[in-house]
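Analysis of the macromolecular model
Spelled out, the chains give:
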Amino acid sequence: ARTIDVAFLKTPFLEYVHVYYPPLVTNVFAVGAMIAGRFPWGAATLTFPLLLAAMAIAVSGILRTEVGVARATAGSALATSSLVLLGIHASVAGNAEPFLLFFEILAVALLLTPAAATIGGRLLAGLLLAGAATSKVEGLPFALAAAVLFVLADPERSRPLARTLLL
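These remarks concern the structure in this document. (Residues numbered from 1 in each chain as written. Predicted model: local features only at pLDDT ≥ 70, side-chain atom pairs only at ≥ 80, totals over all residues. Heavy atoms only, no water.)

The next subject is the layout of surface pockets. Quantified by volume, the second largest pocket comes out at close to 280 Å³. Along its surface, the second largest pocket is lined by 17 residues, and Leu-129, Ala-147, Thr-164, Leu-165 and Leu-167 are the ones closest to its centre. The set of elements that each furnish at least two residues to the lining of the second largest pocket consists of helix H6 (119-135), helix H7 (139-153) and helix H8 (161-166). Ranked by the residues each element gives to the lining of the second largest pocket, the list is headed by H7, at seven residues. Its residues assigned to classes, the lining of the second largest pocket shows 14 nonpolar, two polar and one charged. (1 Å grid on protein atoms, 1.4 Å probe; cavity = no way out; pocket = protein on both sides within 12 Å on 5 of 7 lines; lining within 4 Å. Points joined across faces, edges and corners; volume = space filled by probe spheres on them. Helix = DSSP H or I, 4+ residues; strand = E, 2+ residues; numbered from the N terminus. Nonpolar A, V, L, I, M, F, W, Y, C, P; charged D, E, K, R; others polar.)

Here it is as structure tokens:
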């Protein structure tokens, strides 16, 4: 129908669908379904390895600001291979978890490096935390906890406080 199916969402025995679910992942999959004319299960399953590859490249780049290239690559490879094993065991391909992990890990990596001292670094971390909050219900408490812990752990880098929390 290329629109929100209100009749489907109002059906009483489908209340488990969670109409309040954050929109990012569902909209990404809906766009793919509209383009393909059906739900593209293969493409949905490929989101896990594609997001892991993007995460590995990004984490390596973020860590290079703090340590050398070799250590950054090794740390990124270790984190990525750990998530691969966990993701395969938990069968997360095609679910919202890869999106959530992508946004959360990159945001935390930014907040733990000197990039968090800059407005651009905090803005990017904030955008990544917003991506986590709009990917899955669990993303919002994570984003709030990450912001509070960043402010509490390093009050100097989080000044001015109001701007940091806004970012």
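A word on the side chain of Glu-104. Relative to the helices and strands, Glu-104 resides in helix H5 (residues 97-111). We note that Glu-104 is buried and unpaired, the nearest opposite charge coming from Lys-136 at a distance of 9.0 Å. If sequence neighbours within four positions are ignored, Glu-104 has contacts with Ala-132, Glu-138, Gly-139 and Phe-142. (Buried < 20%, exposed > 50% of the residue type's maximum accessible area, 1.4 Å probe, protein only. Lys, Arg positive; Asp, Glu negative; His and termini not counted. Salt bridge = Lys/Arg side-chain N within 4 Å of Asp/Glu carboxyl O. Contact = heavy atoms within 4.5 Å.)

Okay, the pattern of salt bridges next. Within this structure, the stated rule accounts for two salt bridges. Here Glu-97 ties to Lys-136 by a salt bridge, and the two come within 2.4 Å at their closest N and O atoms. With Glu-97 in helix H5 and Lys-136 in the loop between H6 and H7, this pair connects stretches of sequence that are 39 residues apart. Since its relative accessible area comes to 24%, Glu-97 is described here as partly exposed. In this structure, the salt-bridge partner of Glu-138 is Lys-136, at a minimum N-O distance of 3.8 Å. According to the relative accessible area criterion, Glu-138 is partly exposed, its value standing at 43%. Here Lys-136 falls in the buried class, since its relative accessible area comes to 11%. The network of salt bridges with common partners includes Glu-97, Lys-136 and Glu-138.

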